[in-house]
Every structure is written in C-alpha cells, then in structure tokens.
Amino acid sequence: MPRYTANDASLAYTVHGSESSTSPPLLLIHGFPLDGRMWQRIIPLLERSYRLIVPDLRGFGESQPTRKASMARYADDVALLLDHLGHTSPVIVMGLSMGGYVAFEFMRRHGERLSAVILADTRVEPDTREAASGRRDDARRVLSEGTRFLIEKMLPKVFGPELDGTTRQAWFERMAAQPAEGVASALIALADRVDSTSTLGTFDKPVLIVVGADDAITTPAGGRAMAALNPRAHFVEIPGSGHVPPIEQPVAFASAVREFLESVSRK
Ligand code: MLT
C-alpha cells in the first residue's frame, strides 16, 4: 500500500477510480475499529465515476500504531494526505461512525476544503460521562490483554441480522487483529470527542445522512434527528443493514451516495 508521513507517523492509503472525474474526489474515513478495507465492497460500484481516497487512520490497518490520537489529529492526518496527493480543491468527506466524528473535526478545522459531507451511521453528541469512563477502562484493558475481549463485546451490536456468518466472522478476525496501541488510543480519542451539534447545524454545504435501518449503535431515529439540525441535510435509511451499510448492503449504500452526488452536481 502507498504511504505518506503525517507528523510523527507513517500512514497508509489507497486511491481508486478516475483522475479525470468531474466530481470532487471522495475521502472515505472508516469507523472503529476498522480500516480502509471497510469500503472494499463499494469501491467497485463507485470507482468508475469518482476518485476515491481511502486512508487507514493512524493505528489501524497498515498505518503505524501510535499512542497519540484524537479526532483532530485524525482530521489533520487526512488533510495532510490530500496535500500529499496534490488535492488543493474541495473534496467530499464520507465518514462512517468514528469516521463521522473525524468528518466533524475536518469540518471545523478544514471546512474550506469541503464541498459536501456524507455522514453514515454516526452521531453529533459526545459520550456521556459514564460511556467515556467505560472507554477509558476498555483502553487500559486493551493495552494489557489485547483487543479480542472488546470485539467480542461489540460485535453483536455492529452488524444487523441479515449479514451472513462468513462475512461476520471475517470482520471479527480483522477487528480483533487491529494493533492494541491503535485501538486503545482511539478509545481515548472517542471518549474525549466534543459535541458536534452546532458544527452540523451551521455547515452550509450539502449533507447526506445515511443510517442502516437495523443500526443498534447509531439508530435511524438518531439519524433523522441529526438531519433535522441542518436545512441542507438529506436523510436516507438503508433497509437490511446494521451499523456498517457499506459492508452489509453495499449496493443500496452506493446508490444512496451516487444519487446524492448527482443531485449535488446538478445544483
Ligand atoms: C464506530 O463504528 O466507529 C463506533 O461504533 C463509534 C463509537 O463507538 O462511538
């Protein structure tokens, strides 16, 4: 995989699709504790029309594990990736769950580099005090005993009932293989993240909010409430999917993205 250096870390990414696309490139930011492979089922569906930039956030996948992580640092890392690739004109950021939290930080820190955002299965609220404290406990445990216990705890909520057992097991193994250091530092970053209600409410470019109909982590009701915060937000629910529609219902997810991008390009 190609790599670039972001401050203190060597980070990996892939690029797909056409350089001559007239649409701005899409920057795809994965959820926790996943990596860029999370998008692999939608890449073939979108790459003919769009240029897709797919990073592994620091500490995940092929990117260097690091104890230094925060939503701001992840957002700055992907902004540096755009610099590295020579993208000076605006892009569309698409973030799923934790990737959505990174997208909010990108909106705050690099908003001038955006032409639209796609927020999938995410939320604007920060953790409650109790949830944040649970994440800090998990971070300590991950460093002492590895990630497996955490994935066992999370998995029942991640995917909806329609995902086949083989795919579910393959993702269990991939998540359990993420480096402990990267997972623990991401848990702290998740616990420390700030409220993004006003960031979404005041964003003045097109927004798509997508949620799996069976998402038990960031629910469709939560997605609808997010969409109500911004007059430019459009909401789509993906039937037959839990928390990760690009894995669970790639065709429906890619269609929702394509329809949104086509509507944006007509305006
Ligand atoms: C994710 O999928 O990125 C996580 O569910 C985010 C979270 O735990 O808040």
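Residues numbered from 1 in each chain as written. Predicted model: local features only at pLDDT ≥ 70, side-chain atom pairs only at ≥ 80, totals over all residues. Heavy atoms only, no water.

1. So, helix H11 (residues 250–266)
Here is step 1 of the chain: When the terminal C-alpha atoms of H11 are compared, their 24 Å separation across 17 residues agrees well with the 24 Å that a helix rising 1.5 Å per residue should span.
Here is step 2 of the chain: What H11 keeps buried is the set Pro250, Phe253, Ala254, Ala256, Val257, Phe260 and Leu261. With its buried residues spanning 155° around the axis, H11 presents them on a single face. Exposed residues lying more than 90 degrees from the buried face of H11 are Val251, Glu259 and Arg266. (Helix = DSSP H or I, 4+ residues; strand = E, 2+ residues; numbered from the N terminus. Expected span 1.5 Å × (residues − 1). Buried < 20%, exposed > 50% of the residue type's maximum accessible area, 1.4 Å probe, protein only. Arc of directions from axis to C-beta.)

2. Description of the packing of aromatic side chains
Here is step 1 of the chain: If you walk through the whole model with that rule in mind, you get three aromatic pairs.
Here is step 2 of the chain: Considering the side-chain rings of Tyr4 and Tyr13, the 5.9 Å spacing of their centres and the 70° angle between planes classify their relative orientation as edge-to-face.
Here is step 3 of the chain: For the ring pair Trp39 and Phe253, a centre distance of 6.5 Å and an interplane angle of 40° mean the geometry is tilted. Of the two residues, Trp39 is situated in the loop between strand E3 (26–29) and helix H1 (43–46) and Phe253 in helix H11; the sequence distance between them amounts to 214 residues.
Here is step 4 of the chain: Between the NZ or CZ atom of Arg193 and the centre of the ring of Tyr101, over which it lies, the distance is 4.0 Å. (Phe/Tyr/Trp six-rings, centres within 6.5 Å; stacked < 30°, edge-to-face > 60°. Lys NZ or Arg CZ within 6 Å of the ring centre and 35° of its normal.)

3. Looking at the pattern of salt bridges
Here is step 1 of the chain: Tallying each qualifying case throughout the model produces 16 salt bridges.
Here is step 2 of the chain: In this structure, Lys68 engages Asp8 in a salt bridge whose closest nitrogen and oxygen atoms are separated by 3.8 Å. Placement of Lys68 in the loop between strand E4 (52–55) and helix H2 (71–85) and of Asp8 in the loop between strand E1 (3–6) and strand E2 (9–16) is noted, with a sequence separation of 60 residues between them.
Here is step 3 of the chain: Between Asp83 and Arg113 there is a salt bridge, and its shortest N-O distance comes to 2.8 Å. (Salt bridge = Lys/Arg side-chain N within 4 Å of Asp/Glu carboxyl O.)

4. A few points about helix H6 (residues 165–176)
Here is step 1 of the chain: With 12 residues, H6 extends 16 Å between its outermost C-alpha atoms, agreeing within 8% with the 16 Å of an ideal straight helix rising 1.5 Å per residue.
Here is step 2 of the chain: When we look at burial in H6, the residues that qualify are Thr167, Trp171, Phe172, Met175 and Ala176. Taken down its axis, H6 places every buried residue within 165° of arc, on the same side.
Here is step 3 of the chain: Residues of H6 that are buried in the fold lie against helix H5 (148–158) and helix H10 (245–248).
Here is step 4 of the chain: Here H6 starts with a cap whose side-chain oxygen sits 3.2 Å from the backbone nitrogen of Thr166, and that cap is Asp164. (Contact = heavy atoms within 4.5 Å. Polar contact = N/O pair within 3.5 Å; in protein donor to acceptor, adjacent residues only side chain to side chain.)

5. Let's talk about the sheet that holds E1
Here is step 1 of the chain: Strand order in this open sheet of eight strands is E1-E2-E4-E3-E5-E6-E7-E8, and the pairing throughout is mixed. Among the strands making up the open sheet, the edge pair consists of E1 and strand E8 (233–238). The mean angle between the axes of side-by-side strands here comes to 25°, regardless of whether they run parallel or antiparallel.
Here is step 2 of the chain: Contacting E1, E2, E3, E4 and strand E5 (91–96), H2 runs over the sheet at an angle of about 125° to E1. (Pairing = 2+ DSSP bridges. Axes fitted to C-alpha atoms, helices over the stretch in contact; angles between N-to-C directions.)

6. Some points on the pairing of strand E6 (residues 114–120)
Here is step 1 of the chain: Within E6, six of the seven residues are buried, which leaves it mostly tucked inside the rest of the structure.
Here is step 2 of the chain: With respect to chirality, the unit in which E5 leads through helix H3 (residues 98–110) into the neighbouring parallel E6 is right-handed. (Right-handed = clockwise from strand over helix to strand, strands pointing away.)

7. A closer look at the nonpolar core
Here is step 1 of the chain: Ranked by internal contacts, the top residues of the largest apolar core, which has 90 residues, are Phe32, Trp39, Tyr74, Met98 and Ile209.
Here is step 2 of the chain: Residues contacting Tyr74, with those up to four places away along its chain left out, are Leu57, Arg58, Phe60, Ala69, Met98, Val102, Ala186 and Ala189. (Core = buried A, V, L, I, M, F, W, Y, C linked by side-chain atoms within 4.5 Å.)

8. Points about the packing of H5 against H6
Here is step 1 of the chain: Between H5 and H6, the shortest axis-to-axis distance is 9 Å and the interhelical angle comes to 145°. You can see that H5 and H6 cross each other, and the crossing is right-handed. Residue-level contacts link Arg148, Ile151, Glu152 and Leu155 of H5 to Arg168, Phe172, Glu173, Met175 and Ala176 of H6.
Here is step 2 of the chain: Here the residues of the contact of H5 with H6 sort into five nonpolar, no polar and four charged. (Left-handed = near helix turned anticlockwise from the far one by under 90°. Nonpolar A, V, L, I, M, F, W, Y, C, P; charged D, E, K, R; others polar.)

9. Describing the site of the ligand
Here is step 1 of the chain: Inspection of the region around the ligand gives Gly31, Phe32, Ser97, Met98, Tyr101, Arg123, Arg135, Ile217 and His243 as its neighbouring residues.
Here is step 2 of the chain: Here an oxygen atom of the ligand and a backbone polar atom of Met98 are 2.8 Å apart.
Here is step 3 of the chain: At 3.3 Å from an oxygen atom of the ligand is found a side-chain nitrogen or oxygen belonging to Arg123.
Here is step 4 of the chain: Considered on its own, the ligand offers 270 Å² of accessible surface; in the complex 94% of this is hidden by protein.
Here is step 5 of the chain: For the shell around the ligand, the residue count by class is four nonpolar, three polar and two charged. (Near = heavy atom within 4 Å. Areas by Shrake-Rupley, 256 points an atom, 1.4 Å probe, with all protein chains shown as cover.)

Any functional reading would require information beyond the geometric quantities listed.
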